[in-house]
Amino acid sequence: MRAVAFAEFGAAPEVQDIAIPEPAEGEVRVQVRAASVNGIDLAIAAGYLNGMMEHRFPVVLGKDFAGVVDAVGAGVEGYAVGDRVFGVVTKAFLGDGSFGEYVTVPAAVGLATLPDVVSFTEGAALGLAGTAAADAVDAAQLGAGQVVLVAGATGGVGNQAVQLAVRSGATVVATAHSTEEEALVTGLGAVEVVDYREDVAAQILVAHPEGVDAVIHLAGDAAALLPALRDGGRFASTLLGSSEQLPTESATVVPVYASPSTATLDRLAENVAQQHTTVTIERVYPLDQFGQAFADFRAGTVGKLVILID
Ligand SMILES: NC(=O)c1ccc[n+]([C@@H]2O[C@H](COP(=O)([O-])OP(=O)(O)OC[C@H]3O[C@@H](n4cnc5c(N)ncnc54)[C@H](OP(=O)(O)O)[C@@H]3O)[C@@H](O)[C@H]2O)c1
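Parameters at a glance
- Residues numbered from 1 in each chain as written.
- Predicted model: local features only at pLDDT ≥ 70, side-chain atom pairs only at ≥ 80, totals over all residues.
- Heavy atoms only, no water.
- Helix = DSSP H or I, 4+ residues; strand = E, 2+ residues; numbered from the N terminus.
- Rg over C-alpha atoms; globule rule 2.2 N^0.38 Å.
- Buried < 20%, exposed > 50% of the residue type's maximum accessible area, 1.4 Å probe, protein only.
- Contact = heavy atoms within 4.5 Å.
- Areas by Shrake-Rupley, 256 points an atom, 1.4 Å probe, with all protein chains shown as cover.
- Polar contact = N/O pair within 3.5 Å; in protein donor to acceptor, adjacent residues only side chain to side chain.
- Core = buried A, V, L, I, M, F, W, Y, C linked by side-chain atoms within 4.5 Å.
- Domains from an automatic or database assignment.
- Near = heavy atom within 4 Å.
- Nonpolar A, V, L, I, M, F, W, Y, C, P; charged D, E, K, R; others polar.

Asks: Account for the overall build of the chain, with residues named and values stated.
Replies: Across its full length, the chain holds nine helices and 16 strands. At 19 Å, the chain has a C-alpha radius of gyration in line with the 19 Å of a compact globule built from 310 residues. Taking the principal axes of the C-alpha coordinates as reference, the chain spans close to 60 × 40 × 35 Å. Every one of the 310 residues in the chain was classed for burial, and the buried ones make up 55%. Contacts spanning at least 24 positions in sequence make up 65% of the contacts within the chain whose residues lie at least 6 apart. Of the roughly 12,900 Å² that the chain leaves accessible, carbon and sulfur atoms contribute 50%.

Shown next as structure tokens:
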């Protein structure tokens, strides 16, 4: 099969011909129709996870996927050949990835049914970013009448976080810096916009002198955002590995590590199917243009970049 892989540490990823993987016990094999780019793919390609996670070469890049089940391993219940699915590759080692024609994934985590009304392109863009957003919004414990700042609202995670925060009843203040970005976040339900190229906390305190109830931190300097939070507020961050990285006595700091349970993936897909949320796709690429997709991701995105595999 064709897949974007690298054969050893230091080697550049390229489209290679490698063996089609066989599903182990508890796994399904998915014929991948679409996959999306996340920051972790670039980090793995750059070798940043060397020494942190086992690498089984050739390492195929890609976490997010959507496609069709084409083989079912022993002991799997609930999935059959032909099912439309989507999710996130969650294995404890790096090797199996979604930027290829097939990927094997555990059925128990990181996999869910893709509703017929949700396209493979949308499904491929929903898994990791959607899960991170859902987990961050849950960690922020939002409710009606609360005000939340979403810092990094224009990215893949931010797009989903803004919409989920709105659905929780909160008033959303979003970061953006261009007219296009402002239109995007207000279209998703944000009622106020702050320019992240200026002092975000200072802008927040003009309209909310006591500070906002919660910050969902997906981009920018955490310490610089903290003054925007009221006493007793919650600071949920996908960037902090531990609360000790943001010492404060006046707020609760919650590091968020996306956990793509089937329940969370089902919730995200159902929201899209019911048109409660949308997935913003900025651009799609054929597999052999993955390098351009990586370059575009690095340069900054408004929404998700999707690689189509046919
Ligand atoms: N912990 C986890 O499990 C987990 C899971 C998924 C993602 N993440 C992390 O969460 C973060 C967001 O992910 P993503 O996929 O949404 O990334 P992304 O698509 O790169 O989005 C980041 C967005 O933030 C904007 N931005 C840049 N600097 C900013 C600033 N100072 N203040 C506010 N916004 C700023 C960017 O705008 P421009 O395009 O204009 O630069 C971009 O739209 C990443 O750091 C990612 O690694 C963590």
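Asks: Please give an account of the side chain of Asp296 that cites residues and values.
Replies: In this fold, Asp296 is placed in helix H9 (residues 290-299). The class of Asp296 is buried, set by a relative accessible area of 15%. At 2.7 Å, the side chain of Asp296 and the side chain of Arg283 are in polar contact. Ignoring anything within four residues of it in the chain, the contact list for Asp296 reads Arg283, Tyr285, Thr301 and Leu305.

Asks: Account for the nonpolar core, naming residues and giving values.
Replies: Phe86, Leu142, Val148, Val150 and Ile216 are the most contacted members of the largest nonpolar core, which has 46 residues in total. The dominant element in this core, judged by the number of residues it contributes, is helix H3 (residues 127-140), at six residues. Split by domain, the residues of this core number at least three in each of domain 1 (2-126 + 279-308) and domain 2 (132-255). Grouped together as the second largest cluster of nonpolar side chains are 33 residues, Val32, Ala35, Tyr285 and Phe294 included.

Asks: A description of the site of the ligand should follow, citing residues and the corresponding values.
Replies: Taken together, 21 residues lie near the ligand, and Thr154, Val157, Tyr196, Leu239 and Ala258 sit nearest. The backbone of Gly156 places a nitrogen or oxygen atom 3.1 Å from an oxygen atom of the ligand. Between the ligand and Thr238, the relevant distance is 2.9 Å, taken from an oxygen atom to a side-chain nitrogen or oxygen of the residue. Within the complex, the protein chains bury 75% of what would otherwise be the 910 Å² of accessible surface of the ligand. Counted by class, the shell around the ligand contains 10 nonpolar, 10 polar and one charged residues. For the shell around the ligand, the domains that each give at least three residues are domain 1 (2-126 + 279-308) and domain 2 (132-255).

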